[in-house]
Amino acid sequence: MQKHNGEKYYITTPIYYPSGNPHIGHCYTTTACDSIARYKRMQGCDVMFLTGTDEHGQKIEQKAAESGVTPKQYVDEKVDVFKKLWSFMNISYDRYIRTTDDYHIESVQKIFKALYDKGYIYKGEYKGKYCTPCESFWTESQLDEKGCCPECHRPVTEAKEEAYFFKMSPFADRIEKLLLETDYLRPKYRAQELVNNFIKTGLEDLCVSRTSFKWGIPVTFDTDHVVYVWIDALSNYITALGYDNGHYDDFSKFWPADVHMVAKDIMRFHAIIWPAMLMALDLPLPKHLAVHGWITFNGEKMSKSLGNVVDPFILGERYGADAIRYHIMREMALGGDVSFSNEIMINRINTDLANDLGNLVSRTVAMAEKYFDSTLPEEKQSGEFDDELIAEATALSEKVDKLVDETQLNLALAEIFRVVSRANKYIDETKPWVLAKDEANRSRLAAVLYNLLETIRIVSVLLSAFMPTDMPKIWKQIGAEGDSVLYDNTDKFGVLPQNVTVHKGEIIFPRIDVNKEIEELNKIIGNNKPAQADKKESKKEAPENVALIGIEDFAKVELRVAKITACEPIKKAKKLLKLTLDDGDGERTVASGIAKYYTPDDLIGKSVILVSNLKPAVLCGVESNGMILAADDGDSVKVIFVDNITPGSRIR
Ligand code: ME8
């Protein structure tokens, strides 16, 4: 009996603007949703996974004109590229919506009319600022300090025209409650900032129609107007299910959505405008809005104009789509930004996939082949270390279930790889090559290899939602098939036949030569800058008044790399932030006096240096277990971030 027999599960990505080619940033949201959708299907849920393209608006109209084609021709061509990428990345969407689809247009027109008939949409005059790239209207007070768009910081234009408006104020209280009192928004710490910026200042009516361009959905009762692109776009989540159209009949089955996943740039639309629209339509609200940060490149939000190295087609061809999927999901925390670099990606592939997982599989299979001619004997003898490995492997699925439900995919992958490391440690502990020297140890050796194969089975089945192409290759090698690769058997040990036969095969994750590869990638983008700046050594004497210490004093301080997985302000202490750190062995909390210099967003997902053997102290009610290193830099305090080092690594 499956855990989630037929339970409905509806997950969506944003619908992307096909105004350029898709990049790694788009891949992140889509891959994350795909992995959740696959995981839920594996658990036995009846899943609807929706993605698509947002094809109307002035920006598309302009791009098409620049290319000398009609807007429809322009988007058709780009949509093809998006669909090719999703197929290349193994994205298993159930439905793809295009906002130029007739059924969507029909529903949006009906939704607009219904809101008008209910008195929530009225006609007025729009005067203000408009940001064309973001398709957003802004009031004077919302502009940034340079008078530009507060989101993309590009210049805005004056706009004045007759327009329809959507009354937002009737929903202000309910939206505030939704954000502050429910777990709709993830991560929750963003709720207060939204309430302060948009609700406490008075929820302004939203301009929802335009007359200055034509590429949009016409308002049926006033055809000079086209529907504002965000009203058009947000509606996709229900029109794709058949809301107010006869094309599909899935609305009552799948609505409300379980998760909308988006990046922080479009949080406001999904956290305020979308709930207001649904409230006005008397429809139930989605259960969760999961907001992730940006993938940045050289400190900037990755965008369409970047060079080829971040072209997911090129990266996928070189390392395999699964390796790219793994890397971006492992790096990205809910909330925080993450910086992308080819070097970090290649190192991640080498450490986690080639070394940890790949070696575990190839060593185990090679030993089964060498010592037992590929087929294990029935007789097994259990021994030291077995119980611990078995307990960790069988407890894994429950932990991963919870983290997937919370859309914390980086943490789910970290849990899975903790068990991979445990299995590698088990090899070191049990030393099969020593057991193999003595015939009397045959049944013990068989048990050790069997336990390893079982652990690999559990890990690879759970990972198959994230890396759907490569895991079946592992199953083949470890002789797992049929029921043994079902999710339902991931909390059980002893599922593979006792006389299982392994099949030695190709190396699934070949090691990449980092320096050679970076050189190649630099050639591809015509960028021959050296991959790493020369390291300069500096010899400095100890400043005056600072006592010199011996190496034995320094050795008392245990410094470790730790990754910040969560961060929130501490109510009682303005200067402190409460950090949750992954220190390689587990989670710990540290209070740090850096609130004046950093927001949680700046920190989540980053790795820092932790003094890990500091005695615990209680600071403003928070138990702090350690301290993170930071530098006094003039008037500011700067945390020392480290890149590309696994949490738990000792610093010496
Ligand atoms: O905003 N890092 O479409 P869009 C992480 N059509 N994620 C990124 C990213 C980056 N550097 N760049 C893009 C729109 N994304 C609207 C949405 S929904 C009703 C309408 C991802 O093509 C991320 O999910 O600009 C972000 O929310 C989305 O692409 C925006 O894509």
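What counts and what doesn't
- Residues numbered from 1 in each chain as written.
- Predicted model: local features only at pLDDT ≥ 70, side-chain atom pairs only at ≥ 80, totals over all residues.
- Heavy atoms only, no water.
- Helix = DSSP H or I, 4+ residues; strand = E, 2+ residues; numbered from the N terminus.
- Buried < 20%, exposed > 50% of the residue type's maximum accessible area, 1.4 Å probe, protein only.
- Contact = heavy atoms within 4.5 Å.
- Areas by Shrake-Rupley, 256 points an atom, 1.4 Å probe, with all protein chains shown as cover.
- Lys, Arg positive; Asp, Glu negative; His and termini not counted.
- Charge placed at Lys NZ, Arg CZ, Asp CG, Glu CD.
- Domains from an automatic or database assignment.
- Pairing = 2+ DSSP bridges.
- Arc of directions from axis to C-beta.
- Expected span 1.5 Å × (residues − 1).
- Axes fitted to C-alpha atoms, helices over the stretch in contact; angles between N-to-C directions.
- Parallel < 35°, antiparallel > 145°, perpendicular 65-115°, else oblique.
- Left-handed = near helix turned anticlockwise from the far one by under 90°.
- Nonpolar A, V, L, I, M, F, W, Y, C, P; charged D, E, K, R; others polar.
- Polar contact = N/O pair within 3.5 Å; in protein donor to acceptor, adjacent residues only side chain to side chain.
- Near = heavy atom within 4 Å.
- Salt bridge = Lys/Arg side-chain N within 4 Å of Asp/Glu carboxyl O.
- Right-handed = clockwise from strand over helix to strand, strands pointing away.

Some words on the overall build of the protein
Line of reasoning, step 1. Regarding its fold elements, the protein presents 21 helices and 26 strands.
Line of reasoning, step 2. Within the protein, the proportion of its 652 residues that are buried is 55%.
Line of reasoning, step 3. Considering only contacts in the protein between residues 6 or more positions apart, those separated by 24 or more positions represent 76%.
Line of reasoning, step 4. By element, 49% of the accessible surface of the protein is carried by carbon and sulfur atoms, the whole surface being about 29,200 Å².
Line of reasoning, step 5. Positive and negative charge centroids in the protein, built from 81 and 97 side chains respectively, lie 2 Å apart.

Here we look at the side chain of D250
Line of reasoning, step 1. Here D250 lies in the loop between α8 (236-239) and α9 (251-254).
Line of reasoning, step 2. Apart from residues no more than four positions distant in its own chain, D250 is found in contact with M48, R95, L241 and W255.

Quick notes on the domain arrangement of the protein
Line of reasoning, step 1. According to the domain assignment, the protein consists of domain 1 (341-489) and domain 2 (551-639).
Line of reasoning, step 2. Here the C-alpha centroids of domain 1 and domain 2 sit 33 Å apart.

Considerations on the sheet that holds strand β8 (residues 206-207)
Line of reasoning, step 1. Sheet architecture is open: four strands sit in the order β5-β4-β6-β8, paired in antiparallel fashion. The two strands at the open ends of the sheet, each matched to only one other strand, are β5 (136-138) and β8.
Line of reasoning, step 2. Strand direction decides the pairing type here: strand β6 (residues 157-166) and β8, joined by two bridges, are antiparallel. Residue F166 lies in a different strand from β8, and its bridge partner there is L206.

Considering the environment of V291
Line of reasoning, step 1. Among the secondary structure elements, V291 is positioned in strand β12 (residues 288-292).
Line of reasoning, step 2. Taking the C-alpha atoms as reference points, V291 and Q58, 233 residues apart in sequence, are found 26 Å from one another.
Line of reasoning, step 3. Look past the residues within four positions of V291 in its chain and what remains in contact with it is L185, R186, P187, R190, V262, A263, K264, M267, L334 and G335.

Comments concerning helix α6 (residues 190-199)
Line of reasoning, step 1. Listing the buried residues of α6 in full gives R190, A191, L194, V195, F198 and I199. The buried residues of α6 all sit within an arc of 135 degrees when viewed along its axis, so they share a single face.
Line of reasoning, step 2. Tucked into the core, α6 has its buried residues touching α5 (172-181), β7 (185-186), α10 (267-280), β12 and α21 (600-603).

Some details on helix α3 (residues 71-88)
Line of reasoning, step 1. For α3, spanning 18 residues, the distance from its first C-alpha to its last is 26 Å, which sits close to the expected 26 Å at 1.5 Å a residue.
Line of reasoning, step 2. In the core, the buried residues of α3 are packed alongside β1 (8-16), α1 (24-42), β2 (46-53), α2 (58-67), β3 (95-98) and α11 (312-319).
Line of reasoning, step 3. At the exit of α3 stands N90, carrying a positive phi of roughly 60 degrees.

Structural notes on the packing of α11 against helix α19 (residues 514-524)
Line of reasoning, step 1. One way to put it is that α11 packs onto α19 with a least axis distance of 13 Å and a crossing angle of 150 degrees. Considered as vectors, α11 and α19 are oriented roughly antiparallel to each other. Of the two possible hands of crossing, α11 and α19 adopt the one that is right-handed. Residue-level contacts link I314, R318 and Y319 of α11 to E517, E520, L521 and I524 of α19.
Line of reasoning, step 2. For the contact of α11 with α19, the class distribution of residues is four nonpolar, no polar and three charged.

Regarding the environment of Y16
Line of reasoning, step 1. With respect to the element layout, Y16 can be found in strand β1.
Line of reasoning, step 2. Taking C-alpha positions, Y16 is 4.6 Å from T53, a pair spaced 37 residues apart along the chain.
Line of reasoning, step 3. The residues touching Y16, leaving out its near neighbours within four places in the chain, are H26, T29, T30, T51, G52, T53, D54, F82 and W86.
Line of reasoning, step 4. Reaching out from Y16, the side chain makes a polar contact with the backbone oxygen of H26 at a distance of 3.4 Å.

Description of the site of the ligand
Line of reasoning, step 1. Around the ligand, 25 residues are found, and the nearest of them are I15, Y17, T29, D54 and I295.
Line of reasoning, step 2. Contact distances for the ligand include 3.5 Å between an oxygen atom and a side-chain N or O atom of H26.
Line of reasoning, step 3. One of the backbone N or O atoms of A263 is found 2.9 Å from an oxygen atom in the ligand.
Line of reasoning, step 4. Surface burial for the ligand is 97%, taken as the share of its 670 Å² of free accessible area covered by protein chains.
Line of reasoning, step 5. Going through the elements one at a time, β1, α1, α7 (229-234), α8 and β11 (259-263) are the ones with two or more residues in the shell around the ligand.
Line of reasoning, step 6. Split by residue class, the shell around the ligand holds 14 nonpolar, eight polar and three charged.

As for the sheet that holds β7
Hydrogen bonds along the backbone pair up the strands of a sheet, which may run parallel or antiparallel.
Line of reasoning, step 1. Strand order in the open sheet formed by six strands is β3-β2-β1-β11-β12-β7, and the pairing between neighbours is parallel. Both outer strands of the open sheet, β3 and β7, are each paired with one neighbouring strand and no more.
Line of reasoning, step 2. Of the pairings in the sheet, the one linking β1 to β11 comprises two bridges and is parallel in character. In the sheet register, T12 faces β11, and the bridge partner there is H260.
Line of reasoning, step 3. Sheet strands touched by α1: β1, β2, β11 and β12. Its angle to β1, the strand with the most contacts, is close to 170 degrees.

Points about the pattern of salt bridges
For side chains of opposite charge, pairing can occur when their charged atoms come near one another.
Line of reasoning, step 1. Overall, the coordinates contain 44 salt bridges when judged by the stated rule.
Line of reasoning, step 2. Where D46 meets K253, a salt bridge forms, and the shortest distance between an N and an O atom there is 3.1 Å. Taken together, the residues D46 in strand β2 and K253 in helix α9 connect sequence positions 207 residues apart.
Line of reasoning, step 3. By relative accessible area, D46 is classed as partly exposed at 26%.
Line of reasoning, step 4. Given the relative accessible area of 35%, K253 is considered partly exposed.
Line of reasoning, step 5. When the shortest N-O distance is used, the salt bridge between E140 and K129 registers 3.8 Å. One end of the pair, E140, is in the loop between β5 and β6; the other, K129, is in strand β4 (residues 121-131), and eleven residues separate them in sequence.
Line of reasoning, step 6. What makes E140 exposed here is its relative accessible area of 57%.
Line of reasoning, step 7. Assessed through its relative accessible area of 12%, K129 is described here as buried.
Line of reasoning, step 8. By sharing partners, the salt bridges in this structure join E55, K72, D76 and R98 into a single network.

Points about the pairing of β2
Line of reasoning, step 1. The buried fraction of β2 is high, at seven of eight residues.
Line of reasoning, step 2. Note: β1 against β2, seven bridges, orientation parallel. Bridge assignment links I11 to a residue of β2, and that residue is F49.
Line of reasoning, step 3. Viewed along the sheet, the connection from β1 through α1 into β2 turns out right-handed.

Describing the packing of helix α13 (residues 342-372) against helix α17 (residues 442-463)
Line of reasoning, step 1. For the pair α13 and α17, interaxial distance at closest approach is 10 Å and the crossing angle is 145 degrees. Between α13 and α17 the crossing geometry is left-handed. The segment α13 lies against α17, with L357, L360, V361, T364, M367, A368, Y371 and F372 engaging R442, L445, A446, L449, L452, L453, I456, V459 and L463.

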